[in-house]
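Residues per chain are reported as follows:
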Amino acid sequence: MVKSMTGFGRCEVSEGDRKMTVEMKSVNHRYLDVVIKMPKKLNYFESAIRSLLKTYIQRGKVDIFITYEDLSESNMALHYNKEIAAEYLKYLKQMAEDFGLDQDVKVGALSRYPEVLVMEEVQDDEEELWKLLEQALKGACEQFVATRVTEGENLKRDLTAKLDELLVHVDYVEERSPQIVAEYRAKLEDKVKELLSDTQIEESRIASEVTIFADKICVDEEIVRLRSHIEHTRATLEEKESVGRKLDFIAQEMNREANTILSKANDLEISNHAIELKTGIEKVREQIQNIE
C-alpha cells in the first residue's frame, strides 16, 4: 500500500467537562521527525505518545498539536497552609511583645494573609487522562493515515503512467539499436567501394569493423536491467510496508542505466530518447520523494 508523506488528521474527544483535541499534519522528510506541542501537564506522556505514533507512521516530518480543556469546578480546590499561618502568628506575637501591643488577630483576618488560604488545581488521575489522550491520538492518527493512503493512491497511478512512458523509450532504443549497426555496415561498404573502386573488398575486414562498432554501441545489458528496474518498481508499489526508500534506490539504478545508454549513443534518435528517459526517470524520482 503506497502512502504519501503528506497528511492531516484531527480528533476531538469529550468526556464530561473534559475535552482533548489532537491535530496532526506532515510533510516530506528523510526520516521520522515528530514535533509535539502540548500543555505542560501532558509532558509526562511524551514517550507514550511517540511510541503510539510509530505504529502508524514510519517517515515524514510530523507536527502534532494537543489541547486539553477541563471546565469542571472540581478541578480547583482550596488549600490551607497551616505552617505559613503558624509563622504569621509567631511573628505577630513577637511584635506584640516587642511593642507592648495587644494581640488581637482573629481567624478571619489571618485567613486573608497571603498564602494562608490558596486555590490550587487538582491533579488529574494520570490513567484517566491517558485514556482520554490515547483515544484522541488514535482517532487523529487513523484520519491522518487515511489521507496519506488516498494521496498515495494518486501517486501510485501517476508513477505507473510515468513507468509506461519510460517503457516506450526503452522499446524504441531496443528496436533502433540493430538498425544502427546495419546502417553503419552499409555506409562502411559504400565508403570502401568508393575508395577502392574495382578492387575486391575483403568481407572479413568489413565484418571485423562492424563487430567493433556494434560492441561499442551495444546497450543490450542496459536495456535488460532497465526493464527489470521498471518492473521491480511496479512490484514494489504493490508492497504493504513503507517503500519510499526502496523506490528511491531503484530510481537511482534506472538513472545509471539511462546515463550509460546516452554515453554509448551514436545516433541522434537514440540520444533524444535516452534524454527523454533521463527526464522521465527524474520525474519518477521527484514523485518518489513524496512516498513514505
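Calculation notes
Residues numbered from 1 in each chain as written. Predicted model: local features only at pLDDT ≥ 70, side-chain atom pairs only at ≥ 80, totals over all residues. Heavy atoms only, no water. Pairing = 2+ DSSP bridges. Helix = DSSP H or I, 4+ residues; strand = E, 2+ residues; numbered from the N terminus. Axes fitted to C-alpha atoms, helices over the stretch in contact; angles between N-to-C directions. Contact = heavy atoms within 4.5 Å. Phe/Tyr/Trp six-rings, centres within 6.5 Å; stacked < 30°, edge-to-face > 60°. Buried < 20%, exposed > 50% of the residue type's maximum accessible area, 1.4 Å probe, protein only. Salt bridge = Lys/Arg side-chain N within 4 Å of Asp/Glu carboxyl O. Core = buried A, V, L, I, M, F, W, Y, C linked by side-chain atoms within 4.5 Å.

1. Observations regarding the sheet that holds strand E1 (residues 7-15)
Hydrogen bonds along the backbone pair up the strands of a sheet, which may run parallel or antiparallel.
Working step 1: Read across the sheet, 4 strands follow the order E1-E2-E4-E3 without closing on themselves; strand pairing throughout is mixed. Either end of the sheet is taken by a strand with one partner, and the two such strands are E1 and strand E3 (32-37). Each adjacent strand pair in this sheet contributes to an overall mean axis angle of 15°, direction not counted.
Working step 2: As paired elements, strand E2 (residues 18-27) and strand E4 (residues 60-70) share 10 bridges and run antiparallel to each other. Considered in E4, the bridge of Met24 is made with Ile64.

2. Digging into the side chain of Lys156
Working step 1: Checked against the element boundaries, Lys156 lands in helix H4 (residues 126-196).
Working step 2: Lys156 has contacts with Val2, Leu237 and Glu238, leaving out every residue within four places of it along the chain.

3. A short note on the packing of aromatic side chains
Working step 1: By the definition in use, this model includes 3 aromatic pairs.
Working step 2: Judged by centre distance (5.4 Å) and plane angle (80°), the rings of Tyr44 and Phe45 are edge-to-face.
Working step 3: The class for Phe45 is buried, based on a relative accessible area of 6%.
Working step 4: Ring plane angle 85° and centroid distance 4.9 Å describe the contact between Tyr88 and Tyr113, whose orientation is recorded as edge-to-face. Of the two residues, Tyr88 sits in helix H2 (residues 82-99) while Tyr113 sits in the loop between helix H3 (107-111) and strand E6 (117-121), which places them 25 residues apart along the sequence.

4. Some words on the pattern of salt bridges
Pairs may arise between side chains of opposite charge once their charged atoms sit close together.
Working step 1: By the definition in use, this model includes 23 salt bridges.
Working step 2: In this structure, Glu257 and Arg225 form a salt bridge, with 2.9 Å as the shortest nitrogen-oxygen distance. Placement of Glu257 in helix H7 (residues 244-264) and of Arg225 in helix H6 (residues 220-236) is noted, with a sequence separation of 32 residues between them.
Working step 3: With a relative accessible area of 6%, Glu257 lands in the buried category.
Working step 4: Between Lys246 and Glu239 there is a salt bridge whose closest N-O contact spans 2.9 Å.
Working step 5: Salt bridges here are not isolated pairs; linked through shared partners, they connect Glu221, Glu222, Arg225 and Glu257.

5. Comments concerning the nonpolar core
Working step 1: Core analysis: the largest hydrophobic core is formed by 30 residues, its most contacted members being Met20, Met24, Ile49, Ile66 and Leu133.
Working step 2: Elements represented by at least two residues in this core include exactly E1, E2, E3, helix H1 (46-54), E4 and H4.
Working step 3: Every residue in contact with Leu133, bar those within four places of it in the chain, is listed here: Met20, Val22, Phe45, Ile49 and Ile66.
Working step 4: Counting 27 residues, the second largest nonpolar core, distinct from the first, contains Leu155, Leu163, Leu237 and Ala274.

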